[in-house]
Amino acid sequence: MRAFNFCAGPAALPEAVLQQAQAELADWQGKGLSVMEMSHRSEEFVGIAQKAEQDLRDLLAIPANYKVLFLQGGASSQFAMIPLNLLGAGQVADYIDTGIWSKKAIEEGQRYGQLNVAASAKADKYFAIPEQASWQLSKDAAYLHYTPNETIGGLEFGWIPEVDAPLVADMSSTILSRPLDVSRFGMIYAGAQKNIGPAGLTIVIIREDLLGKAQAACPTMFNYQVAADNESMFNTPPTFAWYLSGLVFSWLKAQGGLTAIEQLNRRKQEKLYAAIDNSSLYANPIAVADRSWMNVPFTLADERLEKPFLAGAEARGLLNLKGHRSVGGMRASIYNAVPEAAVDALVAYMQEFEKEQG
Ligand SMILES: *Cc1c(COP(=O)(O)O)cnc(C)c1O
């Protein structure tokens, strides 16, 4: 029996997708070989790749003037690739600091150009998103980078910034959690292993006018234009992760697309935050309007209860609830592939555990 997996990443995958992958693992659609064994240039794999892209385009209604790139290196490589591709000599890029992931993007980006940290949530202990009216934006910034959902802190923008510069968004842990107006962005990127598919694939959605501006020192493999010109096959792409992500995209479409997924995700997070807020044992420090739908950190009133809480959870098949090593406490990641029944089981366990404490 499969457990309920609340891991932040690599994260739960839909069981139906795993079963489909298993059924066609050794012999894909009667071709006598596995997807893992196919040439990436074969008609079969090119078909798999194109269908995955089309399904992602359908889900997010990606406009025709955006390229979708299927890359490697994780979201962390994007922290360097973004300035290498978008930040010219003498230009400045604005960054918003809302937590650990945006800080990593800033630290890495600084090596490749001039950055301005236009706002930081630090003064609020990273418990609230800084209001846009307080941002110190640069004149003519090449782009504005922000992290719509901070996976570790559990802090999420419920709104899209309105700035003149192209928006560049690290959506690793929130992409596909609900419908999105892609046309508001210059570029969106996400490591696959949170809310898309297996680790090893990174998705970049980029407006075409932002291509072709890479710094001279930008490695060929890091150049978005090169990837776009070669259908993300300048070299061997992560074929199996691409295929499996494609299965997730068609699964999402079969669930009713992102409007249906949004309703489900809204209910899941409401139930979990209500359980936290209605208890005297559990707490979540994030400003209510800025709480993440996908990553729900919570603490226990007494740290000594963490170990027994986790042990009891594991015994019930509720896995990976331990918080990130940098912040401690608990964290439940409730991505698209985590069913509502998992949240119900977690809430029931939390209430039971609290009662036991008397
Ligand atoms: C997990 C995560 C990353 C890092 O992703 P990798 O693919 O491991 O490099 C970056 N940003 C956010 C918001 C994340 O959740």
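Residues numbered from 1 in each chain as written. Predicted model: local features only at pLDDT ≥ 70, side-chain atom pairs only at ≥ 80, totals over all residues. Heavy atoms only, no water.

As named in an unreviewed UniProt entry, the protein chain is Phosphoserine aminotransferase, taken from Atopomonas hussainii.

Moving on, we get to the overall build of the protein chain. Assigned secondary structure in the protein chain consists of 9 helices and 14 strands. Radius of gyration (C-alpha) of the protein chain: 21 Å, near the 21 Å computed for a compact globule of 358 residues. For the protein chain, the spread of C-alpha atoms along the principal axes amounts to about 65 × 60 × 30 Å. Here the protein chain holds 358 residues, and the buried ones make up 54% of them. Counting only contacts in the protein chain whose residues sit at least 6 apart along the sequence, the fraction spanning at least 24 positions is 66%. Carbon and sulfur atoms make up 50% of the accessible area of the protein chain, which amounts to about 15800 Å² in all. Here the protein chain contributes 30 positive and 39 negative side-chain charges, whose respective centroids are spaced 3 Å apart. (Helix = DSSP H or I, 4+ residues; strand = E, 2+ residues; numbered from the N terminus. Rg over C-alpha atoms; globule rule 2.2 N^0.38 Å. Buried < 20%, exposed > 50% of the residue type's maximum accessible area, 1.4 Å probe, protein only. Contact = heavy atoms within 4.5 Å. Areas by Shrake-Rupley, 256 points an atom, 1.4 Å probe, with all protein chains shown as cover. Lys, Arg positive; Asp, Glu negative; His and termini not counted. Charge placed at Lys NZ, Arg CZ, Asp CG, Glu CD.)

Packing of helix H1 (residues 15-23) against helix H6 (residues 239-254) brings their axes to within 10 Å, and their N-to-C directions diverge by 135 degrees. With respect to their mutual orientation, H1 and H6 come out oblique. For the pair H1 and H6, the sense of crossing is right-handed. Contact residues: H1 offers Ala16, Val17, Gln20 and Ala21, while H6 offers Tyr243, Leu244, Leu247, Val248 and Trp251. (Axes fitted to C-alpha atoms, helices over the stretch in contact; angles between N-to-C directions. Parallel < 35°, antiparallel > 145°, perpendicular 65-115°, else oblique. Left-handed = near helix turned anticlockwise from the far one by under 90°.)

Close to the ligand lie 13 residues, the nearest being Ser76, Thr151, Asp170, Gln193 and Lys194. A distance of 2.4 Å separates an oxygen atom of the ligand from a polar side-chain atom of Thr151. Here Lys194 contributes a side-chain N or O atom positioned 2.6 Å from an oxygen atom of the ligand. When isolated, the ligand has an accessible area of 390 Å², and the protein chains bury 87% of it. A breakdown of the residues in the shell around the ligand according to their chemical character gives 3 nonpolar, 8 polar and 2 charged. (Near = heavy atom within 4 Å. Polar contact = N/O pair within 3.5 Å; in protein donor to acceptor, adjacent residues only side chain to side chain. Nonpolar A, V, L, I, M, F, W, Y, C, P; charged D, E, K, R; others polar.)

What follows is about the packing of helix H3 (residues 74-86) against helix H4 (residues 100-109). One way to put it is that H3 packs onto H4 with a least axis distance of 8 Å and a crossing angle of 45 degrees. Taken together, H3 and H4 sit at an angle that is classed as oblique. As for the relative orientation of H3 and H4, their crossing is right-handed in sense. Between H3 and H4, the contacting residues are Ser76, Phe79, Ala80 and Pro83 on the first element and Trp101, Lys104, Ala105, Glu108 and Gly109 on the second. In terms of residue class, the contact of H3 with H4 is made up of 5 nonpolar, 2 polar and 2 charged.

A separate point is the environment of Pro179. With respect to the helices and strands, Pro179 occurs in the loop between strand S8 (167-170) and strand S9 (187-191). In this structure Pro179 comes out as partly exposed when scored by relative accessible area, which is 40%. Along the primary structure Pro179 and Ala61 are separated by 118 residues, whereas in three dimensions their C-alpha atoms are 8.6 Å apart. Apart from residues no more than four positions distant in its own chain, Pro179 is found in contact with Leu258, Thr259 and Glu262.

Core analysis: the biggest nonpolar cluster contains 54 residues, and Leu60, Ile175, Leu176 and Ile205 have the highest contact counts within it. A total of 9 residues in this core trace back to one element, the largest contributor, which is H6. Taken together, domain 1 (16-254) and domain 2 (257-356) each give at least three residues to this core, which thus spans both. Leaving out residues up to four positions away in the same chain, Ile205 has contacts with Leu60, Ile62, Tyr66, Lys67, Val68, Ile175, Val182, Gly186, Met187 and Ile188. Residues Ala275, Ala332, Ala342 and Met350 belong to the second largest nonpolar core, which totals 28 residues. (Core = buried A, V, L, I, M, F, W, Y, C linked by side-chain atoms within 4.5 Å. Domains from an automatic or database assignment.)

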